[in-house]
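Topology and contacts: notes
Chain by chain, the residues run as shown.
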Amino acid sequence: IRLTPNNPTLGTEVRAEITVRNLGNQSAGPIALQLAEASASTSAPVPGVPVIESLAGNASQTVTVTWTLGLIPGVDRLTLAVDPSNQIRESREDN
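Predicted, not measured: the structure shown is a model, and the values here were computed from it.

Parameters and conventions
- Residues numbered from 1 in each chain as written.
- Predicted model: local features only at pLDDT ≥ 70, side-chain atom pairs only at ≥ 80, totals over all residues.
- Heavy atoms only, no water.
- Patch = residues over 30% accessible without salt bridge, like charges linked within 9 Å, V, L, I, M, F, W, Y side chains within 5 Å.
- Areas by Shrake-Rupley, 256 points an atom, 1.4 Å probe, with all protein chains shown as cover.
- Salt bridge = Lys/Arg side-chain N within 4 Å of Asp/Glu carboxyl O.
- Helix = DSSP H or I, 4+ residues; strand = E, 2+ residues; numbered from the N terminus.
- Buried < 20%, exposed > 50% of the residue type's maximum accessible area, 1.4 Å probe, protein only.
- Lys, Arg positive; Asp, Glu negative; His and termini not counted.
- Core = buried A, V, L, I, M, F, W, Y, C linked by side-chain atoms within 4.5 Å.
- Contact = heavy atoms within 4.5 Å.
- Pairing = 2+ DSSP bridges.
- Axes fitted to C-alpha atoms, helices over the stretch in contact; angles between N-to-C directions.

Observations concerning a nonpolar patch on the surface
A contiguous nonpolar surface patch, about 250 Å² in accessible area, is contributed by I1, L80 and V82. Structurally, V82 can be placed in strand β6 (residues 77–82).

Considering the pattern of salt bridges
For the structure on display, the rule yields three salt bridges. Here E17 ties to R2 by a salt bridge, and the two come within 2.7 Å at their closest N and O atoms. Remark: R2 occurs in strand β1 (residues 2–4) and E17 occurs in strand β2 (residues 13–21); sequence separation between them is 15 residues. When its relative accessible area of 17% is taken as the criterion, E17 is described as buried.

Overview of the side chain of E37
Assignment of secondary structure puts E37 in strand β3 (residues 33–38). No salt bridge is formed by the buried E37; the nearest opposite charge belongs to R77, separated by 11 Å.

Re the nonpolar core
Core analysis: the biggest nonpolar cluster contains 21 residues, and I31, L33, L35, I52, V65 and W67 have the highest contact counts within it. Those elements that place two or more of their residues in this core are β2, β3 and β5 (60–68). Counting residues per element, this core draws most heavily on β2, which supplies four residues. Not counting residues within four places of it along the chain, the set of residues in contact with L33 comprises I18, V20, V49, P50, I52, V63, L80, A81 and V82.

Concerning the sheet that holds β6
Strand order in this open sheet of three strands is β4-β3-β6, and the pairing throughout is antiparallel. Looking at which strands have only one partner, the edges of the open sheet turn out to be β4 (43–45) and β6. The average undirected angle you get between the axes of adjacent strands in this sheet is 30°. Here six bridges tie β3 to β6, and the two strands are oriented antiparallel to one another. Looking at β6, one finds that L33 is bridged to V82.

Notes on the sheet that holds β1
Backbone hydrogen bonds hold the strands of a sheet together, and the pairing may be parallel or antiparallel. Pairing is antiparallel in the open sheet, where three strands are placed in the order β1-β2-β5. Single-partner strands in this sheet number two, and they are β1 and β5. Mean inter-strand twist for the sheet, computed between neighbouring axes without regard to direction, equals 15°. Where β2 and β5 come together, nine bridges link them in antiparallel fashion.

Quick look at the structure:
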């Protein structure tokens, strides 16, 4: 993930460029992404994160989402889950 600006503050418009790589030989998709603002006690999904419809084997794709930081009080980090519902069959789940 690449953020612009690098260290955003509350109320700042943030642009996240998310690059997803398919390390396998077969195409995969659709690939859901879940980007969220988080704090010690809660989290909230960032709206408008696109789905990657198809990604060829050994390829990568970058998607972009823009939102205003501060969906939750006390946000201190972002989390990203690729295929959060575990719909894509993978030989390794830890990469």
